[in-house]
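Commentary on secondary and tertiary structure
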Amino acid sequence: AVTLRMIRYNPCEGVHLPRLIKPKEAVLSPEMVQKLLGAAYGTDVYLILILGFALGLRRGEMAALRWPDIDLDKGIVHIHLNRVNAGGKVIERSPKTSAGVRDIDLGDRLVQILAAYREKANGPCVLSRADGQPYSPDTLTRKFKRFLERNGLPDIRLHDMRHINATLLCEAGVDPKTAQVRLGHASITTTLGIYVHTTDGLCRQAADKIDKIL
């Protein structure tokens, strides 16, 4: 409006924004992660925890993930879609940045878990309703919340599993650059604020180390 001479000055000049208070991310020990996995074993929440703790997926990536995106022979998950709420509807679109489109290596243990679930799949979606239709991101959040409440577990957000995955990778000795690639961060500063190089061998090493934690 200022550029088009519709108004004389920018009314936003001099405005002081309120202090941004970020939610505190949960940090769980490997032992607590195993406790959550144990409580969820045999339920439809178990696979949600696996995708969160082991792969660090965003909830929209979980909801959009399909079995054809998982190559169990090569041990790779291809992430290229994100289910999001937009204008009161749930739509699928590409990740916000090119870094979000990525391949994540799987360890042998994770391949076995996913193979067992694929045999019982009732549709193309990895996480699906009884009729084979995909979940909305909000539904996954509610399922996760109810699971924690039923089992008296720590009150964490579904997205916190992504932060916990990053922490577990670091504790396992995985370098920050490899963690950045697995998490799909556009910038290393989002992951840890430092920059290092990575190799295909380190990506495979990351998958094997997460397997040991699980």
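Residues numbered from 1 in each chain as written. Predicted model: local features only at pLDDT ≥ 70, side-chain atom pairs only at ≥ 80, totals over all residues. Heavy atoms only, no water.

What the rule picks out here adds up to 2 aromatic pairs. Ring centres 5.2 Å apart and planes at 85° place the aromatic pair tyrosine 41 and tyrosine 46 in the edge-to-face group. With a relative accessible area of 8%, tyrosine 46 lands in the buried category. With a centroid separation of 6.4 Å and 15° between ring planes, the pair formed by tyrosine 46 and tyrosine 117 is classed as stacked. Taken as a pair, tyrosine 46 in helix H2 (residues 46–54) and tyrosine 117 in helix H4 (residues 108–119) lie far apart in primary sequence, 71 residues in all. By way of ring pairs, the aromatic residues Tyr41, Tyr46 and Tyr117 are connected into one cluster. The ring of tyrosine 117 carries lysine 120 above its face, with NZ or CZ at 5.0 Å from the centroid. (Phe/Tyr/Trp six-rings, centres within 6.5 Å; stacked < 30°, edge-to-face > 60°. Buried < 20%, exposed > 50% of the residue type's maximum accessible area, 1.4 Å probe, protein only. Helix = DSSP H or I, 4+ residues; strand = E, 2+ residues; numbered from the N terminus. Lys NZ or Arg CZ within 6 Å of the ring centre and 35° of its normal.)

Right, let's talk about the sheet that holds strand E5 (residues 102–105) for a bit. Pairing within the open sheet is antiparallel, and its 3 strands lie in the order E1-E2-E5. Only two strands of the sheet have a single partner each, and these edge strands are strand E1 (70–71) and E5. Pairing geometry for strand E2 (residues 76–79) and E5, over 4 bridges, is antiparallel. Bridge assignment links histidine 78 to a residue of E5, and that residue is aspartate 103. (Pairing = 2+ DSSP bridges.)

All right, on to H4 then. Residues lying three or four places apart along an α-helix face the same way, a consequence of the helix completing one turn every 3.6 residues. Its 12 residues place the ends of H4 17 Å apart at the C-alpha level, agreeing with the 16 Å of an ideal helix rising 1.5 Å per residue. Those residues of H4 not exposed but buried are Leu110, Val111, Ile113 and Leu114. All buried residues of H4 project into a common sector of 165° when viewed along the axis, lining one side. Those residues of H4 that are exposed and aimed more than 90 degrees away from the buried face are Asp108, Gln112 and Glu119. (Expected span 1.5 Å × (residues − 1). Arc of directions from axis to C-beta.)

This brings us to the pattern of salt bridges. Summed over the entire model, instances satisfying the criterion amount to 8 salt bridges. Glutamate 61 is the partner of arginine 102 in a salt bridge, and the nearest nitrogen-oxygen pair spans 3.0 Å. Here glutamate 61 lies in helix H3 (residues 59–64) and arginine 102 lies in strand E5, a separation of 41 residues in the sequence. Residue arginine 102 shares its accessibility class with glutamate 61, and that shared class is buried. Where aspartate 160 meets arginine 157, a salt bridge forms, and the shortest distance between an N and an O atom there is 2.8 Å. Judged by its relative accessible area of 3%, aspartate 160 is buried. Put simply, Arg58, Glu61 and Arg102 are held in one network by salt bridges that share partners. (Salt bridge = Lys/Arg side-chain N within 4 Å of Asp/Glu carboxyl O.)

With that settled, consider helix H7 (residues 176–183). Counting buried positions along H7 yields 7 of 8 residues, so the element is predominantly enclosed. For H7, the full list of buried residues reads Pro176, Lys177, Thr178, Ala179, Gln180, Arg182 and Leu183. Regarding H7, its N-cap is aspartate 175, as a side-chain oxygen of that residue lies 3.1 Å from the backbone nitrogen of lysine 177 further along. (Polar contact = N/O pair within 3.5 Å; in protein donor to acceptor, adjacent residues only side chain to side chain.)

Looking at the secondary structure, you find leucine 36 in helix H1 (residues 30–40). Among all residues touching leucine 36, those that are not within four sequence positions of it are Leu28, Leu49, Phe53, Phe147, Leu148, Leu153, Pro154 and Ile156. (Contact = heavy atoms within 4.5 Å.)

Here we take up the nonpolar core. Judged by nonpolar contacts, the single largest core of 50 residues is most densely connected at Leu49, Phe53, Ile70 and Leu106. The element that contributes the greatest number of residues to this core is H2, accounting for 8 residues. Every residue in contact with phenylalanine 53, bar those within four places of it in the chain, is listed here: Leu28, Val33, Leu36, Leu37, Met161, Ile164, Asn165 and Ile210. (Core = buried A, V, L, I, M, F, W, Y, C linked by side-chain atoms within 4.5 Å.)

This part covers a positive patch on the surface. Together, Arg129, Arg142, Arg146 and Arg150 give the surface a local cluster of positive charge. As for its position among the elements, arginine 146 is in helix H5 (residues 137–150). We classify arginine 146 as partly exposed; its relative accessible area is 43%. (Patch = residues over 30% accessible without salt bridge, like charges linked within 9 Å, V, L, I, M, F, W, Y side chains within 5 Å. Areas by Shrake-Rupley, 256 points an atom, 1.4 Å probe, with all protein chains shown as cover. Lys, Arg positive; Asp, Glu negative; His and termini not counted. Charge placed at Lys NZ, Arg CZ, Asp CG, Glu CD.)

Our next topic: the confidence of the model for the protein chain. Detailed conclusions should not be drawn from predicted coordinates in areas where pLDDT is low. Confidence in the prediction for the protein chain averages 86 pLDDT; 90% of positions are at 70 or higher. Segment residues 193–199: pLDDT under 50, and 16 contacts once partners within four positions in sequence are set aside and those in other chains are kept. (pLDDT = per-residue confidence, 0-100.)

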